[in-house]
Amino acid sequence: MEISILIVTKNRPDELEITLNKLFSLLDLSIHEVLVFIDGCKKTEALLIKYPWVQWENSLISISASPARNKLYQKASGKIFIGLDDDAHPLSTNFIAKTQSVFLENERIGIIAFQEIRGVFESDEEALKRAEPDIAKYKTNDFVGCGFAIRKEIYDMTNGFPVWIDIYGEESCLAIEVLDLGYEIGYDNSIIVNHRVDKIKRLGQGRNYFRFGKQLKNSLFFYVVYYPNPILKIAKLLFHNFKKYALYDLKYFVLFWKSTFSAGKELFYVLKFRKPVQNSTLQKIKMLKGIKY
């Protein structure tokens, strides 16, 4: 296989159907494969028969996004892995050819970060109106999981998506390992995905609180695993989040302490995965231009 499209899904069968229907018209299934991991979602199982061209992995219990990605990516056989969220689809009809072209042009690029357009639109044409007006290509230090590509040979040289993170922050773990191997992450805004996120609805559901707790704990783990001397970074992280969030909002205050204590309880488990990167890698990350979130 030349290309593997990989998607983890949970509790969004309608969104997943939109994505699969969009992909079907863009793929050549003789050389492209689609793998989907159902993360403990009974109502998504109805799609197994409806989409026989998809390679399904079905977990009866939820193991969370990053461990699910870790399992799914081990099953893929393509030379290039393209990761999408279940509610994201390509807006570039030639996204595969463009992805292959970028990798061919520069063998040092390990990951390509796509342009993400967030929102729900009446058509793909409407979504494309929100795209960045000028072509932009540059080296960056991270990528967004809803739309990216990675060479299989590079992915296999890393530990893959971490099993010690559940959700939020797993991309940064893979990114830092790829950079530490001496490869680059290239942002290319000519490869575009529409991340069909209803931002107002998510805010109403309190997802910012959910994300805060997860990201705080996972950021603590990130420093423990990858930084040669993580103590100062951890102290700054805790001080910043307490001062900016916990000090002024009771829900954030409770989540701050809950996440901190939870991280402490799981510390010895996470230490088994400790793999400090080179100091030169950390310096390189500081110098690289970040991507838009």
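Further up the page is the structure itself.
Keep in mind that this is a model prediction, so the values were computed, not measured. Starting from 1, residues in each chain are numbered consecutively following that chain's sequence as written. Where local features are concerned, this predicted model is filtered to residues with pLDDT of at least 70; where side-chain atom pairs are given and counted, the filter is 80 or more; whole-chain, interface and lining totals use all residues. Only hydrogens and water are set aside; all other atoms, that is, all heavy atoms of the structure, feed into the side-chain values.

*Asks:* Would you mind going over the pairing of strand 4 (residues 80–85) in detail, with residue names and values included?
*Replies:* When you tally the buried positions in strand 4, you get six out of six residues, the bulk of the element. Summary of the burial criterion: residues with accessible area below 20% of their type's maximum are buried, those above 50% are exposed, and those between are partly exposed, where the area comes from a 1.4 Å probe applied to protein chains only. Counting from the N terminus, the helices are the DSSP runs of H or I reaching at least four residues and the strands are the DSSP runs of E reaching at least two. Covered by surrounding structure in strand 4 are Ile80, Ile82 and Leu84 together with Phe81, Gly83 and Asp85, the residues of both alternating faces. Sheet topology note: the strand 1 (residues 3–9)/strand 4 ladder contains six bridges and is parallel. What sits directly across from Ile3, in strand 4, is Ile80. Strands are treated as partners if at least two bridges between them are detected by DSSP.

*Asks:* Tell me about helix 1 (residues 13–24), and please be specific about residues and values.
*Replies:* For an α-helix, the turn length of 3.6 residues means that residues three or four places apart are oriented alike. Here a helix's expected span is defined as the number of its residues, less one, multiplied by 1.5 Å. For helix 1, with twelve residues, the first-to-last C-alpha span of 16 Å sits near the 16 Å given by 1.5 Å per residue. Among all positions of helix 1, only Pro13, Leu16, Glu17, Thr19, Leu20 and Leu23 are buried. Seen from one end, helix 1 has its buried residues packed into an arc of 165 degrees, which puts them on one side. This arc is taken over the directions from the axis of the helix to the C-beta atoms.

*Asks:* Tell me about the pairing of strand 2 (residues 32–39), residues and numbers included.
*Replies:* Buried residues dominate strand 2, accounting for eight of its eight residues. Side chains His32, Val34, Val36 and Ile38 project from strand 2 onto one buried face, and the interleaved Glu33, Leu35, Phe37 and Asp39 project onto a second face that is buried too. Between the parallel pair strand 1 and strand 2, the chain is carried across by helix 1, and the sense of this crossover is right-handed. In this structure, strand 2 lies alongside strand 3 (residues 54–59), joined through six bridges in parallel fashion. The definition of a right-handed crossover adopted here requires that, viewed with the strands pointing away, the path from the first strand over the helix to the second runs clockwise.

*Asks:* So, helix 4 (residues 95–105): which residues are in play, and what are the values?
*Replies:* When we look at burial in helix 4, the residues that qualify are Phe95, Ile96, Thr99, Val102 and Phe103. In an axial view of helix 4, the angular spread of the buried residues amounts to 130 degrees, which keeps them on one side of the axis. Exposed side chains of helix 4 directed beyond 90 degrees from the buried face belong to Leu104 and Glu105.

Purely spatial values, then, with no claim about function.
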